[in-house]
2 protein chains.
Amino acid sequence: MTVSPIKVIELKASVLADNDADAALLREENRRKKVFYVNMMSSPGAGKTTLLLAALRRLDPSIAAAVMEADIDSDVDAAAVREAGFPVVQLHTGGMCHLDAAMSRQGLSQPEIAGADMVFLENVGNLVCPAEFDTGAALNVVLLSIPEGDDKPLKYPLMFEKADMIVLTKIDAAEAFDFDEARFRANAALCNPEARIYPVSALTGEGMAAWCRALEDSCKAFFGRCES
Amino acid sequence: MTVSPIKVIELKASVLADNDADAALLREENRRKKVFYVNMMSSPGAGKTTLLLAALRRLDPSIAAAVMEADIDSDVDAAAVREAGFPVVQLHTGGMCHLDAAMSRQGLSQPEIAGADMVFLENVGNLVCPAEFDTGAALNVVLLSIPEGDDKPLKYPLMFEKADMIVLTKIDAAEAFDFDEARFRANAALCNPEARIYPVSALTGEGMAAWCRALEDSCKAFFGRCES
């Protein structure tokens, strides 16, 4: 049996001057098409792919989920998602440090992920630039891993301000680091008192059920019921 | 006794079209002034400040060292450096995701760090954009922390390509993560076979002497002898 190569989309730079208007349009298009588009943002190495794989296995099986992996280069994450049996496309940003709404639309239009109810974007690992560009997602999820430290909302305030949900990852490794969750919550509240915070370990499964239920609830709230 | 506030420089966007030429000029100016300028780059939370503090305490005391902390917001890192007793200025990038040569020059001209032989820039935590802008530094150091994973050179190749030295941080936490150093070295060699790699723990001190010696040697190589 031959394995087909992972579909790689070389993204074109956006020509639209008004990304915010385009993002609002994409959100409405997705609502009509019943596509719940989730933008996952974090530093490099915070565990986006591992968290995604753990969530894909736990989400209500009536939800058809798919993934868009955005990277400057390589397709190692897309290969991991496909190996787990989920539809995936690899987006190459051509060196760009973020995705915008037009780039999202290029990815979402790919036949490999057509028909999905919930599409996760694994954005470029970067706590700065992706926060400046609305991708048109219905939900912005920001991951912070325990080893990164509890002061990060003070240093990257826009990213935490844009988060609908903050997922604290790698809590299984908490003993090796002096991360103070109460201090983190206080720092996060300074830029975003509304964000819901989910401490999880994709390794042990701790906290995953609560976060997956929150994703399903957000999906239902976005378009009544999440079904194709 | 009153404590004077940390000097915060609000950086202006660069007006020079040719950053590369300006960076080359700054490097020569620094060589004449006997300032060894070191650009420290990494993801958020890889441990730049902790590594810097550990290095400042170990460097040959005949070297007068100072620090420029670049952040989008906050001065928590600058406060930590000052508390340790070293000259420091805080650079605010006004939301920008990187520093360039003109911004470096604004920082280096501050009287608080004048007379230093070795000036460390703690760049904005970001594995993407800072790699695209030559700061005029004599040495580019890229940190990767063990929790981030051994695949990062594949995903952020330009950053690793620009590194003169790669410091692998948080090796004391290696047991909690499946980081394979041999695999990392192979991945790093794909984009940069020349980079010298230093595994360290700022917490236990392991590897710090070797890295500090390498810094001192690079400084001497840059301008004969590193003294004020």
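If you're wondering where the values come from, they're calculated on a predicted model, not measured in any experiment. (Residues numbered from 1 in each chain as written. Chains lettered and ligands numbered in written order. Predicted model: local features only at pLDDT ≥ 70, side-chain atom pairs only at ≥ 80, totals over all residues. Heavy atoms only, no water.)

1. Topic: the overall build of chain A
In step 1: A tally of helices and strands in chain A yields eight helices and eight strands.
In step 2: For chain A, whose C-alpha radius of gyration is 17 Å, the value lies close to the compact-globule estimate of 17 Å for 228 residues.
In step 3: Projected onto its principal axes, the C-alpha positions of chain A cover 45 × 45 × 35 Å.
In step 4: A buried classification covers 60% of the 228 residues belonging to chain A.
In step 5: Across chain A, the fraction of contacts at a sequence separation of at least 24, relative to all contacts at a separation of at least 6, is 77%. (Helix = DSSP H or I, 4+ residues; strand = E, 2+ residues; numbered from the N terminus. Rg over C-alpha atoms; globule rule 2.2 N^0.38 Å. Buried < 20%, exposed > 50% of the residue type's maximum accessible area, 1.4 Å probe, protein only. Contact = heavy atoms within 4.5 Å.)

2. Focus: the sheet that holds strand S1 (residues 8-10) of chain B
All names here are of chain B.
In step 1: Strand order in the open sheet formed by eight strands is S1-S4-S3-S5-S2-S6-S7-S8, and the pairing between neighbours is parallel. What marks the edges here is a single partner per strand, and that holds for S1 and strand S8 (196-199). Strand-to-strand twist across the sheet, computed as the mean angle between neighbouring axes with direction ignored, equals 25°.
In step 2: Both S1 and strand S4 (residues 88-92) contribute to a ladder of three bridges, which runs parallel. Bridge assignment links Glu10 to a residue of S4, and that residue is His92.
In step 3: The strands that helix H4 (residues 101-108) touches are S1, strand S2 (36-41), strand S3 (65-71), S4 and strand S5 (118-122); relative to S3, the one it contacts most, it runs at about 130°. (Pairing = 2+ DSSP bridges. Axes fitted to C-alpha atoms, helices over the stretch in contact; angles between N-to-C directions.)

3. A short note on helix H3 (residues 76-83) of chain A
In step 1: For H3(A), the complete set of buried residues consists of A:Asp77, A:Ala78 and A:Val81. Buried positions in H3(A), seen along its axis, are confined to an arc of 100° and lie on one side of it.
In step 2: Next to the buried residues of H3(A) lie helix H2 (48-58), strand S3 (65-71), strand S4 (88-92) and strand S5 (118-122) of chain A together with helix H5 (152-155) of chain B.
In step 3: Immediately beyond the C-terminal end of H3(A), within one or two residues, lies A:Gly85, with a positive phi of roughly 95°. (Arc of directions from axis to C-beta.)

4. Thoughts on the packing of aromatic side chains
In step 1: Considering all chains together, one arrives at seven aromatic pairs over all chains under this definition.
In step 2: Seen in terms of ring centroids, B:Phe36 and B:Phe222 are 5.7 Å apart; in terms of plane orientation they differ by 55°. Their pairing is tilted. Here B:Phe36 is found in strand S2, whereas its partner B:Phe222 is found in helix H8 (residues 208-223), with 186 residues between them in sequence.
In step 3: Classification of B:Phe36 by relative accessible area gives buried; the value is 1%.
In step 4: Taking the relative accessible area as the measure of exposure, B:Phe222 reaches 10% and is therefore buried.
In step 5: Ring centres of B:Phe179 and B:Phe184 lie 5.8 Å apart, and the angle between their planes is 35°; this geometry places the pair in the tilted category.
In step 6: By relative accessible area, which is 15% here, B:Phe179 ends up buried.
In step 7: Among the aromatic side chains, those forming a connected cluster through ring pairs are A:Phe160, A:Phe179 and A:Phe184. (Phe/Tyr/Trp six-rings, centres within 6.5 Å; stacked < 30°, edge-to-face > 60°.)

5. As for the packing of helix H1 (residues 19-33) of chain A against helix H4 (residues 101-108) of chain A
Residues and elements named next belong to chain A.
In step 1: Viewed as axis vectors pointing N to C, H1 and H4 meet at an angle of 30°, and their least axial separation amounts to 8 Å. Relative to H4, the element H1 is oriented roughly parallel. Contacts from Asn19, Asp22, Ala23, Leu25, Leu26, Glu29 and Asn30 of H1 reach H4 at Ala101, Ala102, Ser104, Arg105 and Leu108.
In step 2: Considering only residue class, the contact of H1 with H4 consists of six nonpolar, three polar and three charged. (Parallel < 35°, antiparallel > 145°, perpendicular 65-115°, else oblique. Nonpolar A, V, L, I, M, F, W, Y, C, P; charged D, E, K, R; others polar.)

6. Digging into the pattern of salt bridges
Residue and element names in this part refer to chain A.
In step 1: Overall, the coordinates contain 16 salt bridges over all chains when judged by the stated rule.
In step 2: Among the ionic pairs, Glu181 bridges to Arg185, the shortest N-O distance being 3.0 Å. Here Arg185 and Glu181 lie together in helix H7 (residues 181-191), a separation of four residues that amounts to about one turn.
In step 3: Here the residues in one salt-bridge network are Asp22, Glu29 and Arg105, joined through shared partners. (Salt bridge = Lys/Arg side-chain N within 4 Å of Asp/Glu carboxyl O.)

7. What to know about the side chain of B:Glu29
All names here are of chain B.
In step 1: Tracing the backbone shows Glu29 in helix H1 (residues 19-33).
In step 2: On the basis of relative accessible area, Glu29 is assigned to the buried category, the value being 15%.
In step 3: Engagement of the side chain of Glu29 in a polar contact is seen with the side chain of Arg105, the distance being 3.2 Å. (Polar contact = N/O pair within 3.5 Å; in protein donor to acceptor, adjacent residues only side chain to side chain.)

8. Overview of the interface of chain B and chain A
In step 1: Taken residue by residue, the interface counts 31 residues in chain B and 31 residues in chain A.
In step 2: Between chain B and chain A lies a buried interface of about 2300 Å² when both sides are counted; carbon and sulfur atoms form 62% of it.
In step 3: Connecting chain B to chain A are two salt bridges.
In step 4: Close ionic contact of B:Asp77 with A:Lys155 constitutes a salt bridge, the shortest N to O distance being 2.4 Å.
In step 5: Looking at the side of chain B that touches chain A, the elements with two or more residues in it are helix H3 (76-83) and H5 of chain B.
In step 6: For the side of chain B that touches chain A, the element with the highest residue contribution is H5(B), accounting for three residues.
In step 7: Taken together, the residues of the side of chain B that touches chain A sort by class into 15 nonpolar, six polar and 10 charged. (Buried area = accessible area lost by both parts, 1.4 Å probe.)

9. So, the pairing of S3(A)
Residue and element names in this part refer to chain A.
In step 1: Summarising burial for S3: seven of the seven residues are buried, a large majority.
In step 2: Judged from the five bridges that link them, S3 and S5 form a sheet pairing that is parallel. Its bridge partner being in S5, Glu69 is matched across the sheet by Glu122.
In step 3: By the bridge criterion, five bridges tie S3 to S4 in an arrangement that is parallel. Bridge pairing links Val67 to Val88 in S4.
In step 4: In this region the chain leaves S3, passes through H3 and returns to the parallel neighbour S4; the handedness of that crossover is right-handed. (Right-handed = clockwise from strand over helix to strand, strands pointing away.)

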